[in-house]
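Here are the chains, one letter per residue:
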Amino acid sequence: MLRRHWLACMGLAPLAALAIPQAWAADAPPLLLANVYRPGMRLADYWVSEKYDGVRGYWDGHTLRTRGGETVAAPAWFTAGWPETPMDGELWAGRGRFSHAQSTVRQQRPDDAAWREMRFMVFDLPAHGGTFDQRLPALNKLVEALDQAWVQAVPQQRVASDAALQKLLLRTVRAGGEGLMLHRGASMYRAGRSDDLIKVKTHEDTEARVVAHLPGQGRHAGRLGALVVEMPSGQRFRLGAGLTDAERDHPPPVGSWVTYRFRGTHDSGVPRFASFVRMRDDMPPIR
């Protein structure tokens, strides 16, 4: 009873009373999603680009939306003159500036100065109808014709081997980048997760949804001890490592999505050495 009273006072949800709010728009855009790189994949089939650490942005020809389907309240000048052609990309503020990108995109009243530091890095044309090999020159031509400094086509290149890929990955990460993306040249734009799009990083990370808060003990008494999170598979585990004192005082709310890092999985499928990275505001609900 005391524990339940403490949780209520702290605004924390007990595990036995899970209420998962569906705060995401029902019309989330049908996006192409990435699998994780596996050594031995045929790299000759892929284009390679930097993985930008920002917020996924989808221009449907009229409105800029997040991955979860929420409308992005960008200043009018930011999307002025954009074509009716849908564009898929990343709203990015530069390497190591995810927090700026996320806070800027979240605002319902756009901060003009903050948006002046943002770029829309376009990496695909979902409605083109051709393969990525065919979409790529069309994308470059469209962005060039748009002629706006804050709209850029993501540079793409080829690599000959896994050794060359790892060398490029290391160079990108040392320069402050998050990782790399592989895009199969012969692939059509199909919504969902597949090997048509691959992410390459120096560590594994993914997202899970918060389903409960657990109280802390010892020096964390009186605030959050750990999050209980649910993977897309339905499996749940405690996530306590990596949380700052400020995040324990004001934890990600139940129903929100968080990114965590890990190193492999147990036989049960639960991640090993999981560590909290950040809360995500652009994730759709589990379907």
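The following refers to the structure shown. All of these numbers come straight from a predicted model, not from anything done at the bench.

1. Brief notes about the overall build of the chain
When its secondary structure is counted, the chain shows seven helices and 14 strands. When burial is assessed residue by residue, the chain has 51% of its 287 residues classed as buried. Roughly 14100 Å² of accessible area belongs to the chain as shown, and the carbon and sulfur atoms make up 52% of that amount.

2. Describing the nonpolar core
One recurring pattern in soluble globular proteins: nonpolar side chains tend to sit buried together. Judged by nonpolar contacts, the single largest core of 22 residues is most densely connected at Leu64, Phe78, Trp82, Met87, Leu91, Trp115 and Met118. Where this core is concerned, the elements lending two or more residues are strand E3 (55–59), strand E5 (87–92), helix H3 (98–106), strand E6 (119–124) and helix H5 (132–146). With four residues, the single largest contributor to this core is H5. The contact partners of leucine 91, leaving out residues within four places of it in the chain, are Gly54, Val55, Gly57, Leu64, Val72, Phe78, Ala101, Val105, Trp115, Met118, Arg119 and Phe120.

3. A closer look at the sheet that holds E6
The mixed open sheet is built from five strands, whose spatial order is E4-E3-E5-E6-E7. Across the chains shown, the open sheet's two edge strands, defined by having one partner strand only, are strand E4 (64–66) and strand E7 (151–153). The mean inter-strand angle of the sheet, taken between neighbouring strand axes irrespective of direction, is 35 degrees. Across three bridges, the pairing between E6 and E7 is parallel. Among the inter-strand pairings, valine 122 is bridged to a residue of E7, identified as alanine 153. Against the sheet, H5 touches E5, E6 and E7, its axis set at about 150 degrees to E6.

4. A closer look at the sheet that holds strand E2 (residues 46–51)
Strands belonging to one sheet form pairs held by backbone hydrogen bonds; the direction of such a pair is parallel or antiparallel. Overall, mixed pairing links the four strands, which are arranged E1-E9-E8-E2 in an open sheet. The sheet is open, and its two edges are formed by strand E1 (32–36) and E2, each paired on a single side. Shown here is a sheet whose adjacent strand axes are inclined to one another by a mean of 40 degrees, direction ignored. Bridge count between E1 and strand E9 (residues 192–200): five bridges; the pairing is parallel. The residue of E9 that forms the bridge with asparagine 35 is isoleucine 198. Each of E2, strand E8 (179–184) and E9 touches helix H6 (residues 162–174); the most contacted strand, E8, lies at about 135 degrees to it.

5. Observations concerning unusual backbone geometry
Positive phi, normally seen in glycine, also occurs at aspartate 147, with a value near 55 degrees. Checked against the element boundaries, aspartate 147 lands in the loop between H5 and E7. Residue aspartate 147 is classed as exposed on the basis of its relative accessible area of 66%.

Cut-offs applied
Residues numbered from 1 in each chain as written. Predicted model: local features only at pLDDT ≥ 70, side-chain atom pairs only at ≥ 80, totals over all residues. Heavy atoms only, no water. Helix = DSSP H or I, 4+ residues; strand = E, 2+ residues; numbered from the N terminus. Buried < 20%, exposed > 50% of the residue type's maximum accessible area, 1.4 Å probe, protein only. Areas by Shrake-Rupley, 256 points an atom, 1.4 Å probe, with all protein chains shown as cover. Core = buried A, V, L, I, M, F, W, Y, C linked by side-chain atoms within 4.5 Å. Contact = heavy atoms within 4.5 Å. Pairing = 2+ DSSP bridges. Axes fitted to C-alpha atoms, helices over the stretch in contact; angles between N-to-C directions.

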